[in-house]
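Here are the chains, one letter per residue:
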Amino acid sequence: MCNSKKRLALFASGRGSNGEALYKAMQEGYINGEFVVIITDHGTAGIVERSKSWNIPIIVMERSDYDSKASFEQAQLDALEPYKIDGIVLAGYMRIVGAPLIERYEHRILNIHPALLPSFPGLHGHQQAIDAGVKITGCTVHFVDAGMDTGPIIMQNTVPVLPDDTEETLSDRLLPIEHKTYKEALRLFCEDKLTIKGRVVYIED
């Protein structure tokens, strides 16, 4: 295990349950990392309230405050620079990460998606699975690349899809599995146990 904690930025847009699960795992010593800054693109996002007691700087960066996509993406880079981060953790961040951020932090941006990629990328992964009639779905933690949920896959876990499932019931069943999977994937990242060769992520554990 590497001795120094990884310095991580948390990007979140929503309620922040995955972010909170990861934060708690760090506090408990399971993940050898720490969130040093939180960035959200919604000032009213649940993560803002949820993280108030964490004593971590939070930066609200709404796209509408910038006159172009390029200026917004440059502002993200500028905001992160003082924190000297080792990686970025996307937890319910509902905005596509721009090329400048991906290039600056290549293979150091992690995301979780509520489906078994490469199936059902994009929005509403739960509903896509239900509509397709699959019997098993799950979640995927992956590195972020320039595509839509197309980056190298780190780890996946599954849950059954039940005949009477709705998007909400399936989401509720999957959420604790998301937390477990993301914690394990981030633990491995923070211990430098992930190696990428081509599109395959190899785990040394």
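What counts and how
- Residues numbered from 1 in each chain as written.
- Predicted model: local features only at pLDDT ≥ 70, side-chain atom pairs only at ≥ 80, totals over all residues.
- Heavy atoms only, no water.
- UniProt positions renumbered as here; feature names shortened; annotations may be inferred.
- Helix = DSSP H or I, 4+ residues; strand = E, 2+ residues; numbered from the N terminus.
- Contact = heavy atoms within 4.5 Å.
- Expected span 1.5 Å × (residues − 1).
- Buried < 20%, exposed > 50% of the residue type's maximum accessible area, 1.4 Å probe, protein only.
- Phe/Tyr/Trp six-rings, centres within 6.5 Å; stacked < 30°, edge-to-face > 60°.
- Lys NZ or Arg CZ within 6 Å of the ring centre and 35° of its normal.
- Pairing = 2+ DSSP bridges.
- Axes fitted to C-alpha atoms, helices over the stretch in contact; angles between N-to-C directions.
- Core = buried A, V, L, I, M, F, W, Y, C linked by side-chain atoms within 4.5 Å.

### With respect to the UniProt feature "binding site: (6R)-10-formyltetrahydrofolate" (unreviewed entry) in the protein chain
Logical step 1: Sites flagged by UniProt as "binding site: (6R)-10-formyltetrahydrofolate" (unreviewed entry) map to Lys69, Met94, Arg95, Ile96, Val97 and Asn111.
Logical step 2: One can find Arg95 in the loop between strand E4 (87–90) and helix H4 (99–104).
Logical step 3: Filtering out sequence-adjacent residues up to four positions away, Arg95 remains in contact with Asp41, Arg63 and Phe72.
Logical step 4: With respect to the secondary-structure elements, Ile96 resides in the loop between E4 and H4.

### Focus: helix H3 (residues 69–80)
Logical step 1: Taking 1.5 Å as the rise per residue, H3 with twelve residues should run 16 Å; its terminal C-alpha atoms sit 17 Å apart, in good agreement.
Logical step 2: By the burial criterion, the buried members of H3 are Phe72, Glu73, Ala75, Gln76, Leu77, Ala79 and Leu80.
Logical step 3: The secondary structure elements touched by the buried residues of H3 are strand E1 (6–12), strand E2 (33–40), strand E3 (58–60), E4 and H4.

### Examining the packing of aromatic side chains
Logical step 1: Tallying each qualifying case throughout the model produces four aromatic pairs.
Logical step 2: When the ring of Tyr23 is compared with that of Trp54, the centres are 4.1 Å apart and the planes differ by 10°; the resulting orientation is stacked. Highlighted residues: Tyr23 in helix H1 (residues 17–27) and Trp54 in the loop between helix H2 (46–50) and E3, separated in sequence by 31 residues. You'll find Tyr23 and Trp54 in the same group, each marked buried.
Logical step 3: Cation over ring: Arg104 sits above Tyr105, and NZ or CZ is 4.7 Å from the ring centre.
Logical step 4: Taking the ring centre of Tyr202 as reference, the NZ or CZ of Lys197 above it sits at 5.4 Å.

### Details of the sheet that holds E1
Logical step 1: Spatially, the seven strands line up as an open sheet ordered E3-E2-E1-E4-E5-E6-E7, and their pairing is mixed. Bordering the open sheet on either side are E3 and strand E7 (153–160), each of which pairs with just one other strand. With direction set aside, neighbouring strand axes in the sheet form an average angle of 20°.
Logical step 2: One ladder, built from three bridges, connects E4 with strand E5 (residues 109–113); its direction is parallel. The residue bridging Ile88 from the neighbouring strand is Ile109, located in E5.
Logical step 3: Contacting E1, E2, E4, E5, strand E6 (136–143) and E7, helix H6 (residues 167–190) crosses the sheet at an angle of about 155° to E7.

### Observations concerning the nonpolar core
Logical step 1: Of all hydrophobic cores here, the largest spans 36 residues; its most connected members are Phe35, Ile154 and Leu186.
Logical step 2: With eight residues, H6 is the single largest residue contributor to this core.
Logical step 3: Ignoring any residue separated from it by four or fewer positions in sequence, one finds Leu186 in contact with Leu8, Leu22, Met26, Ile31, Val89 and Leu110.

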